[in-house]
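The lines below spell out each chain.
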Amino acid sequence: MLRSSVAPILRKPLTALAICSLVAFAAAPTAWTQKSKPAPAITIDSSVSIVESAQETGPVKRATQDLISDFTKVFGEAPKLVGSLEEAGPEAILIADRTRVPAGVACATQTETEAFAFSTATLAGNAKPKHIAVCLTGADMRGTIFAIYQFSQTYLGVDPMYLWTDKQPEKRSSITLPADFSKVYPKPVFKYRGFFPNDEDLLTGWAPPPKGEQTGISLAVWDNIFETILRLKGNMIVLGTWIFPDDAQVHAASERGLIVNQHHAIPLGVNVARWPKDVPYNFSTNPDILRRAWTNAVATYKPDEEILWSVGLRGLSDSSYASLDASVRNNDPLLGERVSEAIKEQIDIVRAKYPNAQFVTDLWQEGARLMQNGYLKIPPEVLLVWADTGYGDMQDSGKVSAGQGAYFHTAMMNGQANQLSEMVPVSVIHSELGRYIKAGATSYILVNTSDLRPVVMTTRALMEEAWGGLPTETSDSDGAYYRRWATEEFGAKSADELAGIYKDYFAAPSERTGFGFGGFGPPGQAATGNAPPPAPRSNVKREQGDNHYHSEVRRLIQDNLAVHQVFGVPSQSPKWTLPGLMPTPTAQMRSAALARDIKECEEAQPRWEAAWTRAVAAESLVDPDRRDYYQAELLTMITINQESNRMLLLVARAMQDADAGQADKASGEVDEAVQALDKIQKSMAAAEYGKWKNWYRGDWLTGVYRTRELVQDYANHLKDPMAKLPAPVSWSGWEAYFHIMQYEGDRSVDVH
């Protein structure tokens, strides 16, 4: 079991006194009585019975089916599932909410929210001989689910992220439970814990839904995501970037036992990226229209879905509301007043239908500024959540306080961070989440995972800390985590070397020092529709991620070939939003950008090459059956960044050389840049083994293939100025969201 660098979840083995105090007895035992002698050592094999009452909830039953699947992988045969101990064999695993433990069975139980316990009981029945029960009991529905998955992870050896790491448990004939099996797992550190699959281009391209599923990603893959969250003991999900409340994955998540939360840009579930044409979106002049949209969205959710309602007010493309309301533009006090008014009205709308509703507001981008300057008035019943800017750099300026929460990215699509590879070191996760834990700001933690597979290592580290708390190590906690991760995923022989390689990897990129010359989308926005990140309110370094190299090269080439006449097509916006001419750099700005790119890439390239050399040499230390995953997890990840850095360096040098009249030298450099991109695509193809076929088909946002097209166009132009030119349009973000939202057709928000 990999416990991350977090405090042990198994806080205390149960003492005899503790067991007595936790045991839940029914008033009058019927079929079973508890033996006074302690239970003998218990050996489990495929003959074990799994006992689950018919009264258990649907989500618990789904988790039990996963446990049966896990047993089958380990023992080669499925255990028998029965509804009572009377039907079970001599040894049984009892799965029960604490309120459903059979009468007379002294299973340890917990009462704190989402807590659970392991224990054993030796029973004697009226009609059967001695009976051994292994109790997996939860304080509530999710506590019971977590008991199931923790047992599977600890004793069957099932990787909680096996759906993304391809790790299979060792086949065995039996397992013997240890003498200290009985343990209590207390309530989680963070109350709400979950994923946000955001900017989900790879998932969309890899797993499009079959005909008839009202979702952008197949429900089978959504279910894989739900299972992963629950195996990591999460309880919440934001179900994609721009969705409607009745999309199929919403109810599917509820059926798995997850709390549904909304993207901060779609308060109450209003999909503003599908706002109807010619309908004002202005809370100052047309508040009734927004009230109707909010009311209709709330009414669309099903009554049996558990919702954590996001409240707030932003624009139509995850941009500031001020971009659409001139009355509050450059007027933060009035902007804060409008957002505060909207939150109050949204609460009233929800409470009219659901009096006990719970709320959260996310201080994304301008929200942090408004809050810190005292312009936002957040009602006390709303969880206040600080955000990072995509780099783990929490923007509370040290002002976080008890009862608040965090919105954290392990992946971030902003044109500069990471979509295809890891970028945020585990040390940052430990330091920033640790700071929140120490402040008591543990009400909420949402991790933006984008497409999940590229960031499984850091996502797991974050979720384990969200459940179990601060690292136990007083020094080198990130190294300790990397060693545990490597041991589990690649074998113990590789652990020390891979821990060092991961540290080299996270230290290799250049620190982000600028934003280019004017962005790479319509004026003031990134290609994804986000405004450029604000000035940092954190000491966490912002490093260049895989987005950076490709957005920068495309921007440079398009501007060069189109002679500063490049149009940006909005991506996360209503279909009726018009393209805009991108900002035109001055000659001085262009020269400075090239010089900066060359300097940063020259400094980083030796670091990338050293990490690559070390990773290739370490492959022989990896267990042979894990080398496919080693390729996908580490070698492809390093290749994407190393060769992207090299590609940007070569293109920037070529532009300087072309400006200096050295056309032949420039042409050779661009040819090398094409070769670097070919290496990336070859490595990406190597990571598409087995079920991962077409994984990178949806690489529309980072857009390696699009970059290669443009670099080849530039190479052709240097060789022949009369060669055909690409269209002067930046549209990779539009292409991504065309596919991500295609299933929605022409549907728009109901404002009637």
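What you see is a predicted model; the values in this text were computed from it and never measured.

About the criteria used
Residues numbered from 1 in each chain as written. Predicted model: local features only at pLDDT ≥ 70, side-chain atom pairs only at ≥ 80, totals over all residues. Heavy atoms only, no water. Helix = DSSP H or I, 4+ residues; strand = E, 2+ residues; numbered from the N terminus. Buried < 20%, exposed > 50% of the residue type's maximum accessible area, 1.4 Å probe, protein only. Contact = heavy atoms within 4.5 Å. Areas by Shrake-Rupley, 256 points an atom, 1.4 Å probe, with all protein chains shown as cover. pLDDT = per-residue confidence, 0-100. Lys, Arg positive; Asp, Glu negative; His and termini not counted. Salt bridge = Lys/Arg side-chain N within 4 Å of Asp/Glu carboxyl O. Expected span 1.5 Å × (residues − 1). Bend = angle between axes of the 7 residues up to and from the residue. Disulfide = S-S within 2.5 Å. Axes fitted to C-alpha atoms, helices over the stretch in contact; angles between N-to-C directions. Left-handed = near helix turned anticlockwise from the far one by under 90°. Pairing = 2+ DSSP bridges. Right-handed = clockwise from strand over helix to strand, strands pointing away.

Asks: Explain the overall build of the protein to me, please; I cannot follow it from the model alone.
Replies: Each helix and strand in the protein was counted, giving 20 helices and 21 strands. Over its C-alpha atoms, taken along the principal directions, the protein stretches across nearly 95 × 65 × 50 Å. Considering the protein as a whole, with its 752 residues, one finds that 62% of them fall into the buried category. The contacts of the protein with a sequence gap of at least 6 include a subset with a gap of at least 24, amounting to 78%. Of the roughly 27000 Å² that the protein leaves accessible, carbon and sulfur atoms contribute 53%.

Asks: Quick question: what am I supposed to make of the confidence of the model for the protein here?
Replies: Any residue range with low pLDDT should be treated as having predicted coordinates unsuitable for detailed reading. On average, residues of the protein carry a pLDDT of 91, and 91% of them reach 70 or more. Below pLDDT 50 for its whole length, residues 1-37 participates in 109 contacts with residues either more than four positions away or in separate chains. Of the regions scoring below 50 in pLDDT, residues 517-532 engages in 53 contacts with residues more than four places distant in sequence or in other chains.

Asks: Even after reading the chapter, I still don't get the side chain of Asp 97, so can you show me in this structure?
Replies: Structurally, Asp 97 is set in strand S6 (residues 91-97). Buried within the structure, Asp 97 lacks any salt-bridge partner; Arg 100 is the closest side chain of opposite charge, at an N-O distance of 4.1 Å. In contact with Asp 97, not counting residues within four places along its chain, are Glu 56, Gly 138, Ala 139, Asp 140, Met 141 and Thr 144.

Asks: Got a minute to help me understand helix H17 (residues 627-659) in this structure?
Replies: Structurally, the α-helix is built with 3.6 residues per turn, so residues lying three or four positions apart point the same way. The terminal C-alpha atoms of H17, which comprises 33 residues, lie 45 Å apart, in line with the 48 Å expected from a rise of 1.5 Å per residue. Maximum bend of H17: about 35°, positioned at Leu 635. Positioned one or two residues after H17, Gly 661 has a phi angle of 85°, which is positive.

Asks: Help me understand the state of the cysteines, please; the structure alone is not making it clear to me.
Replies: Joining two cysteines, a disulfide is a covalent bond between their sulfur atoms. All told, the structure shown has one disulfide when counted by the stated rule. Sulfur-sulfur distance for the disulfide between Cys 107 and Cys 135 comes to 2.1 Å. What sets the handedness of the Cys 107 and Cys 135 disulfide is the S-S torsion sign, and at about -55° it is left-handed. Of this pair, Cys 107 sits in the loop between S6 and strand S7 (116-125) while Cys 135 sits in strand S8 (residues 131-138), and the two are 28 residues apart along the sequence. For the pair Cys 107 and Cys 135, a shared accessibility class is recorded, and that class is buried.

Asks: Could you clarify how one ought to interpret unusual backbone geometry in this entry?
Replies: For residues that are not glycine, phi is negative in most cases, and the peptide bond is trans in most cases. You will see that Ser 397, though not glycine, has its phi angle at about 55°, which is positive. Tracing the sequence through the fold places Ser 397 in the loop between strand S16 (382-387) and strand S17 (405-409). A positive phi angle, near 50°, is found at Ser 450, a position not held by glycine. The topology assignment puts Ser 450 in the loop between strand S18 (444-448) and helix H12 (456-468).

Asks: Would you mind showing me how to read the pattern of salt bridges here?
Replies: Throughout the structure, instances matching the rule amount to 50 salt bridges. Residues Lys 183 and Asp 180 are paired through a salt bridge, measuring 3.2 Å at the closest nitrogen-oxygen approach. Taking the relative accessible area as the measure of exposure, Asp 180 reaches 42% and is therefore partly exposed. Notably, a salt bridge pairs Asp 348 with Lys 344, separated by 3.5 Å at the nearest N-O pair. Taken together, the residues span about one helical turn, with Asp 348 and Lys 344 both in helix H9 (residues 332-353) at a distance of four residues.

Asks: I'm lost on the packing of H12 against helix H13 (residues 477-490) in this one. Help?
Replies: Between two packed helices, both the angle of their axes relative to each other and the distance between the axes serve to describe the pair. Here H12 crosses H13 at 120°, and the two axes come no closer than 11 Å. In terms of crossing hand, the pair formed by H12 and H13 is right-handed. Together, Val 456, Met 457, Arg 460, Ala 461 and Glu 464 of H12 and Tyr 481, Tyr 482, Trp 485, Glu 488 and Glu 489 of H13 make up the contact between the two elements.

Asks: So what exactly am I meant to see when it comes to the pairing of strand S4 (residues 49-52) here?
Replies: Burial along S4 is two-sided: the face carrying Ser 49 and Val 51 and the face carrying Ile 50 and Glu 52 are both buried. In this sheet, strand S5 (residues 80-82) lies alongside S4 in parallel orientation, the contact comprising three bridges. For Ser 49, the partnering residue across the bridge sits in S5 and is Lys 80. In the classification by handedness, the crossover that spans S4, the intervening helix H2 (residues 58-75) and the parallel S5 is right-handed. Pairing of S4 with S6 involves four bridges; the strand directions are parallel. Bridge pairing in S6 links Val 51 to Leu 94.

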